Amino acid sequence: MAEHTNLPASIDPTIPSVARMYDYYLGGKDNFAADRRAAEQFITVLPGIREMARANRAFLARVVDLLAREGIRQFLDIGSGLPTQENVHQIAHRVDPEVRVVYADNDPIVLVHGRALLADHRHSTVVQADMREPEALLAHPEIVSALDFDRPVAVLLVSMLHFVPEEALVTRIVATIRERLAPGSHLIITHAFAGDVSAEVHEAGQQVYRSTTTGSLTSRGADRLAELLAGMTLLEPGIVPVQAWRPDYEGDAAFDPAKPAILAAVARH
């Protein structure tokens, strides 16, 4: 990305953005010097983060393809991040070009890139909305006009809830979404899990993310994710690291609670 050229006034390139840091982990070019510095700092804390980010993205591709093949024709990607290869609409439209996809994000630069990418896609759109205000997000006129919540929809919260430190708000976000889901809908969550890292390592990671536009990174484990999804049907293999959720290869789906991971859960309403 050309540094600081033709940016909307709402974007401060000197403050690291978690979306642009994620883009950097994935090997993208849509990031600034501040994002790269912060990402490199976090890589020193968690050297495997690049591989974890790529596994997270590969999980998203697998689950979208699976649900589209099983008949889901509506997707809502909350906190979509910067467009990269294998976006939700590209994966779903390979199954059925009529699938409707809405991306929702509150990062101005995500909106700029998303609108440019989707200019010629009549069944896909990007809207400005904040998951921290779930009632307003689900009532957004563009979302309401694009998606029919009386029919099954897949809602993705991929690497989003760990940027919300308040447990009550996390509970409200998930509960509000669940209340809108018709039978046959799915809720997809991936979430950072710190494992048994030392207090020093944990604090070093926190310091990096305190410098970002989001301001925090909160670890939650499988028990908390199960609590949020209680009453829904977890698709096999349950709550596991993203690379172990129905991988394209024969692998071990065992969950080692001592190791840092990005956990995945796919639940049917």
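Please read these numbers as outputs of a predicted model, since none were measured by experiment.

Quick notes on the rules
Residues numbered from 1 in each chain as written. Predicted model: local features only at pLDDT ≥ 70, side-chain atom pairs only at ≥ 80, totals over all residues. Heavy atoms only, no water. Axes fitted to C-alpha atoms, helices over the stretch in contact; angles between N-to-C directions. Helix = DSSP H or I, 4+ residues; strand = E, 2+ residues; numbered from the N terminus. Parallel < 35°, antiparallel > 145°, perpendicular 65-115°, else oblique. Contact = heavy atoms within 4.5 Å. Nonpolar A, V, L, I, M, F, W, Y, C, P; charged D, E, K, R; others polar. Salt bridge = Lys/Arg side-chain N within 4 Å of Asp/Glu carboxyl O. Buried < 20%, exposed > 50% of the residue type's maximum accessible area, 1.4 Å probe, protein only. Phe/Tyr/Trp six-rings, centres within 6.5 Å; stacked < 30°, edge-to-face > 60°. 1 Å grid on protein atoms, 1.4 Å probe; cavity = no way out; pocket = protein on both sides within 12 Å on 5 of 7 lines; lining within 4 Å. Points joined across faces, edges and corners; volume = space filled by probe spheres on them. Left-handed = near helix turned anticlockwise from the far one by under 90°.

1. Notes on the packing of helix 2 (residues 33–45) against helix 9 (residues 199–210)
- Closest axis-to-axis distance for the helix 2/helix 9 pair is 9 Å, and the angle between their directions is 170 degrees. Taken together, the axis directions place helix 2 and helix 9 in an arrangement best described as roughly antiparallel. The residues of helix 9 that touch helix 2, namely those facing Ala38, Gln41, Phe42 and Val45, are Val201, Ala204, Gly205, Val208 and Tyr209.
- Its residues assigned to classes, the contact of helix 2 with helix 9 comprises 7 nonpolar, 2 polar and no charged.

2. A short note on the pattern of salt bridges
- Overall, the coordinates contain 11 salt bridges when judged by the stated rule.
- Of the charged contacts, one joins Asp35 and Arg20 as a salt bridge, the two residues approaching to 2.6 Å between their closest N and O atoms. Linking Asp35 in helix 2 with Arg20 in helix 1 (residues 18–25), this pair joins segments that are 15 residues apart in sequence.
- Overall, the relative accessible area of 0% leaves Asp35 in the buried class.
- On the basis of relative accessibility, which here comes to 2%, the residue Arg20 falls in the buried class.
- Ionic pairing is found between Asp96 and Arg73, a salt bridge with its closest N-O pair at 2.8 Å.

3. Thoughts on the packing of aromatic side chains
- Per the counting criterion, the structure on display carries 3 aromatic pairs.
- Relative to Tyr209, the ring of Phe42 lies with its centre 5.0 Å away and its plane at 90 degrees, an arrangement referred to as edge-to-face. One end of the pair, Phe42, is in helix 2; the other, Tyr209, is in helix 9, with 167 residues separating them in the sequence. Both residues of the pair, Phe42 and Tyr209, count as buried.
- With 6.1 Å between their ring centres and 35 degrees between their planes, Phe163 and Tyr209 make a pair best called tilted. One end of the pair, Phe163, is in the loop between strand 4 (154–158) and helix 8 (167–180); the other, Tyr209, is in helix 9, and 46 residues separate them in sequence.
- Look at Phe163 and you get buried, because its relative accessible area is 10%.

4. Thoughts on the layout of surface pockets
- What the second largest pocket holds in volume is close to 180 Å³.
- In this structure, the second largest pocket is lined by 11 residues; those nearest its centre are Pro241, Gln243, Lys259, Pro260 and Ala261.
- Looking at side-chain class alone, the lining of the second largest pocket contains 8 nonpolar, 1 polar and 2 charged residues.

5. A short note on the packing of helix 3 (residues 49–69) against helix 4 (residues 88–95)
- Interaxial distance between helix 3 and helix 4 falls to 9 Å at its minimum, and their mutual angle equals 35 degrees. Considering the relative orientation of helix 3 and helix 4, their crossing is right-handed. Residues Leu60, Ala61, Val64, Asp65, Ala68 and Arg69 of helix 3 touch helix 4, and the partners they reach there are Val88, Ile91, Ala92 and Val95.
- Classifying every residue of the contact of helix 3 with helix 4 by side-chain character gives 8 nonpolar, no polar and 2 charged.

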